[in-house]
Amino acid sequence: MRFLTALAAFSLTTVGLATPASATPVPTKTPTAQGYGGAIATVDPTATAAGLEVLRRGGNAVDAAVAAAATLGVTEPFASGIGGGGFFVYYDARTHRVHTIDGRETGPATMTSTYFVNPATGQPYAFDEARVSGLSVGVPGTLATWEAASRQWGTRSLGNALNDAAKVADRGYTVDAEFRRQVTENAAAFGQFDATKALYLPGGAPPAVGTTIRNPDLAKTYRLIARKGTGAFYRGEIGKDLLATVRSPEISDSPTSPWAYPIRPGVLTASDLAKYQVRHPAPTKADYKGLTVYGMSTPSSGGTTVSEALNILEASPLDGASTTEKLHYYLEASALAFADRGRYLGAGTPQARLRELVSDRWAKQRACQISPDRALVKPVAPGPSGCTPSVTAATPDKGMSTTNLTVADRWGNVVEYTLTLEQFGGNAMIVPGRGFMLNNELTDFNFTGTQGAFDDPNLPGPGKRPRSSMSPTIVLKDGKPFLAVGAPGGSTIITTVLQIVYGRLDLGLTLPQALAAPRAAQRNTPGIQAEPAFHTTYGPALTPLGHVFGADAPEIGAATAIEFTAHGGQLAVAEPVRRGGGAAAVVHPGR
Ligand code: GLU
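Residues numbered from 1 in each chain as written. Predicted model: local features only at pLDDT ≥ 70, side-chain atom pairs only at ≥ 80, totals over all residues. Heavy atoms only, no water.

The protein has the name Glutathione hydrolase proenzyme in an unreviewed UniProt entry, where Actinoplanes cyaneus is given as its organism. For the protein, the Pathway (unreviewed entry) comment in UniProt is given as "Sulfur metabolism; glutathione metabolism." Quoted verbatim from the Sequence similarities (unreviewed entry) field of UniProt, the annotation for the protein is "Belongs to the gamma-glutamyltransferase family." (UniProt positions renumbered as here; feature names shortened; annotations may be inferred.)

Have a look at this one:
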């Protein structure tokens, strides 16, 4: 996890296995780096350093992305890791094509639409009741993603990345304030499981800032997979332990605090695990002001929703508009696209519908609902629509976790990769003896229908993947990379990516400014969720137009991005402040 070098040198207490070696030294953290020869941005300086080292030694963007992700599985264990899933978007400089990997978690073959309905009451489980259970765990796709990416486009074996990251797990990393915050928020859930307590609640409480966490079990797991291949996970001994944890969670006899719900077993089987495969859906594609925007298709709603909103903005009369007017249209376009997301997007959305949603024709009939001087009443109804607005019922959403990384190499290949366990800390269970946390991704399904008389596209189903909002995005200009960006943050991922692209392309911001700018998310809810700085800066001008602000969020999304500048230059950007700040680096600094 991110931390100051000075404090790392004075690490006082050691958690996990005590060894004389000190924690992995933490490289300097800078949010912006400009240069050439390869660039990387992640939320964590140790992961950025791991990826940078691979780039320096001649590895390509895919090698560096996998190295950084394997390191994040150690140092940012609550947001990602081999117990989770994600979406990988890759621009291949040789073929000029954009490819994707759908490494989303998958539900059990026996899953039905009432999976999250309590049979005893007929009511859906409370969110935390579903989350902290074996039921929420989907078959993880992260390891299969790393393997597929390395095999197809990499030059280095997955084993190399895992062995390097295992060293970080052995040497340990230093707890910073953000890490401690994530444990503190999860202390009650973590405290229900001895394996999780032992690693992250030393002495029954969140680890103090400055202490070192080592994870020798994870180091062993990584090395075992490096030696035996991913079969050890999907069909072998690690998988066996994973299934045992899912199917009969080892609940502590002495939890650190009470838990409000029974902790239910899951139903994943060895066959579910063995059958897991990544997919390679065609990327979503939208033309926006002469640029081509590539994103992630279903089961993520990210690419389609970002594309639709950009198309709506392009169809809107914004020439010469003021910042307030542009933000008004940004919020409206986002709400309209979210209405369509709720109605139409899920793992099984037909291709024809996906094409329709990102077409200019669709955008036109949505854009014509927007009035220049009056905000639509939210929630707006999904399309197809005439130009007269109509209102529907709201679909709630939650979540702020996940992690994202952006990498480019000297040859011009680009990776945009978002990965997650769903909530920070996933389902709160460490697989005993294996050192990694399990996801709770299946809670991304809607527990009951949200679309009234219409079918809900995101209800659980046999072997189905839950809808995601992850939006790894690569923008091309004249067929060459111009910008790559992605973010964490539940369904605010979509608004964060949209706002950064819009900020860079339409609001006159540089890329570092576009990432740092205060954010607001209008996800077709009555109130906008905004960061306080957005609310205070733009609220006074937006409120008279009819925009309503709900409760502020302290921060929305810790994004990373790279812009490709003239003469092969690369500008890598991470957050200056959010989530404690991220780390950007380039192989050869300079302009
Ligand atoms: N599970 C969420 C998704 O796939 C991401 C979790 C989060 O960022 O809170 O969209």
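Further notes follow.
Peer 1: It is not clear to me how the overall build of the protein should be interpreted in this structure. Could you clarify?
Peer 2: When you go through the protein residue by residue, the secondary structure sums to 20 helices and 17 strands. Computed over the C-alpha atoms, the radius of gyration of the protein is 22 Å, within 12% of the 25 Å expected from 2.2 N^0.38 for a compact globule of 591 residues. In terms of its C-alpha atoms, the protein occupies a principal-axis envelope of roughly 65 × 65 × 45 Å. Per-residue burial over the protein gives 62% buried out of 591 residues. Taking contacts inside the protein between residues at least 6 apart in sequence as the whole, the part at least 24 apart equals 72%. Of the accessible surface of the protein, which amounts to about 20,700 Å², a share of 55% is contributed by carbon and sulfur atoms. (Helix = DSSP H or I, 4+ residues; strand = E, 2+ residues; numbered from the N terminus. Rg over C-alpha atoms; globule rule 2.2 N^0.38 Å. Buried < 20%, exposed > 50% of the residue type's maximum accessible area, 1.4 Å probe, protein only. Contact = heavy atoms within 4.5 Å. Areas by Shrake-Rupley, 256 points an atom, 1.4 Å probe, with all protein chains shown as cover.)

Peer 1: Could you clarify how one ought to interpret the nonpolar core in this entry?
Peer 2: Across soluble globular proteins, you tend to see nonpolar side chains buried next to one another. In terms of nonpolar packing, the biggest core is built from 85 residues, with F88, W146, Y200 and Y222 touching the most fellow members. By residue number, the principal contributor to this core is helix α3 (residues 61-75), which donates 11 residues. Beyond its immediate stretch of four places on either side in the chain, W146 contacts V66, A69, A70, I82, L158, L162, Y222 and Y417. Ranked by size, the runner-up nonpolar core spans 72 residues in total, among them L331, M470, A514 and L542. (Core = buried A, V, L, I, M, F, W, Y, C linked by side-chain atoms within 4.5 Å.)

Peer 1: Could you clarify how one ought to interpret the packing of helix α15 (residues 323-344) against helix α20 (residues 532-542) in this entry?
Peer 2: The packing of two helices is summarised by the inter-axis angle and the distance between the axes. In the contact formed by α15 and α20, the axes pass within 10 Å of each other and the chain directions differ by 95 degrees. Taken as axis vectors, α15 and α20 run roughly perpendicular relative to one another. Where α15 abuts α20, its residues T323, T324, L327, H328 and L331 lie against F534, Y538, A541 and L542. For the contact of α15 with α20, the per-class residue count stands at 6 nonpolar, 3 polar and no charged. (Axes fitted to C-alpha atoms, helices over the stretch in contact; angles between N-to-C directions. Parallel < 35°, antiparallel > 145°, perpendicular 65-115°, else oblique. Nonpolar A, V, L, I, M, F, W, Y, C, P; charged D, E, K, R; others polar.)

Peer 1: Can you help me understand the UniProt feature "binding site: L-glutamate" (unreviewed entry) in the protein in this one?
Peer 2: Per the UniProt record, "binding site: L-glutamate" (unreviewed entry) is found at R104, D444, S468, S469 and G490. The greatest C-alpha distance among the annotated residues, which extend across 387 residues, is 14.3 Å, indicating that they converge on a single site. By the secondary structure assignment, R104 is in the loop between β4 (97-103) and α4 (127-131). With relative accessibility at 0%, the residue R104 sits in the buried group.

Peer 1: Sorry if this is basic, but what is going on with the pattern of salt bridges here?
Peer 2: In a structure, side chains of opposite charge can pair up when their charged atoms sit close to one another. Counted by the stated rule, this structure contains 25 salt bridges. The salt bridge involving K220 is made with D217; its shortest N-O contact spans 3.7 Å. Here K220 pairs with D217, and both are found in helix α10 (residues 216-228), just 3 residues apart, close to one helical turn. A relative accessible area of 55% means that K220 is categorised as exposed. Take D217: its relative accessible area is 27%, and that puts it in the partly exposed class. Of the charged contacts, one joins R353 and E356 as a salt bridge, the two residues approaching to 3.0 Å between their closest N and O atoms. One end of the pair, R353, and the other, E356, are both in helix α16 (residues 351-357), 3 residues apart, so they sit about a helical turn from each other. With relative accessibility at 25%, the residue R353 sits in the partly exposed group. Within the structure, one salt-bridge network assembled from shared partners comprises R519, E531, E575 and R578. (Salt bridge = Lys/Arg side-chain N within 4 Å of Asp/Glu carboxyl O.)

Peer 1: Please explain the site of the ligand as it appears in this structure.
Peer 2: By nearness alone, 15 residues border the ligand, and T402, E441, D444, S469 and G490 come closest of all. Measuring from an oxygen atom of the ligand, one finds a side-chain N or O atom of T402 at 2.5 Å. At 2.7 Å from an oxygen atom of the ligand is found a main-chain nitrogen or oxygen belonging to S469. (Near = heavy atom within 4 Å. Polar contact = N/O pair within 3.5 Å; in protein donor to acceptor, adjacent residues only side chain to side chain.)

Peer 1: Looking at this model, I keep getting lost on the UniProt feature "active site" (unreviewed entry) in the protein. Mind explaining?
Peer 2: Sequence positions flagged by UniProt for "active site" (unreviewed entry) are, in local numbering, T402. Its relative accessible area of 5% is what places T402 among the buried residues. Discounting residues that sit within four places of it in the chain, T402 has contacts with A79, T418, L419, T420, E422, F424, M470, P488, G489 and R579. Separated by 2.7 Å, the side chains of T402 and T420 make a polar contact.

Peer 1: Teacher, can you tell me more about the environment of V175 here?
Peer 2: Within the fold, V175 resides in the loop between β5 (173-174) and α7 (177-185). Note: C-alpha distance between V175 and P207 (32 residues apart in sequence) is 7.2 Å.

Peer 1: What is the right way to look at the confidence of the model for the protein in this model?
Peer 2: Do not read the predicted coordinates in detail wherever pLDDT is low. When the pLDDT values of the protein are averaged, the result is 94; 95% of them are 70 or greater. Predicted confidence is poor over residues 1-20, with pLDDT under 50, and the contacts of this stretch with residues over four places away or in other chains come to 49 contacts. (pLDDT = per-residue confidence, 0-100.)

Peer 1: Explain the packing of aromatic side chains to me, please; I cannot follow it from the model alone.
Peer 2: How two aromatic rings sit relative to each other is set out by the distance from centre to centre and by the angle between their planes. Under the criterion given, the structure shown has 19 aromatic pairs. Arranged with centres 4.7 Å apart and planes meeting at 75 degrees, the rings of F78 and Y200 form a pair that is edge-to-face. Of this pair, F78 sits in the loop between α3 and β3 (85-92) while Y200 sits in helix α9 (residues 194-200); the two residues are 122 residues apart in sequence, bridging distant segments of the chain. Accessibility expressed as a relative area gives 0% for Y200, which makes it buried. Ring geometry for Y330 versus Y502: centroids 6.1 Å apart, planes at 20 degrees, classification stacked. Here Y330 is found in helix α15, whereas its partner Y502 is found in helix α18 (residues 492-506), with 172 residues between them in sequence. Classification of Y330 by relative accessible area gives buried; the value is 0%. Assessed through its relative accessible area of 1%, Y502 is described here as buried. By the ring-pair criterion, three or more aromatic residues cluster together here, those being F78, Y173, F179, F190 and Y200. The ring of F454 has R343 sitting right over it, with the charged end atom 3.8 Å from the ring centre. (Phe/Tyr/Trp six-rings, centres within 6.5 Å; stacked < 30°, edge-to-face > 60°. Lys NZ or Arg CZ within 6 Å of the ring centre and 35° of its normal.)

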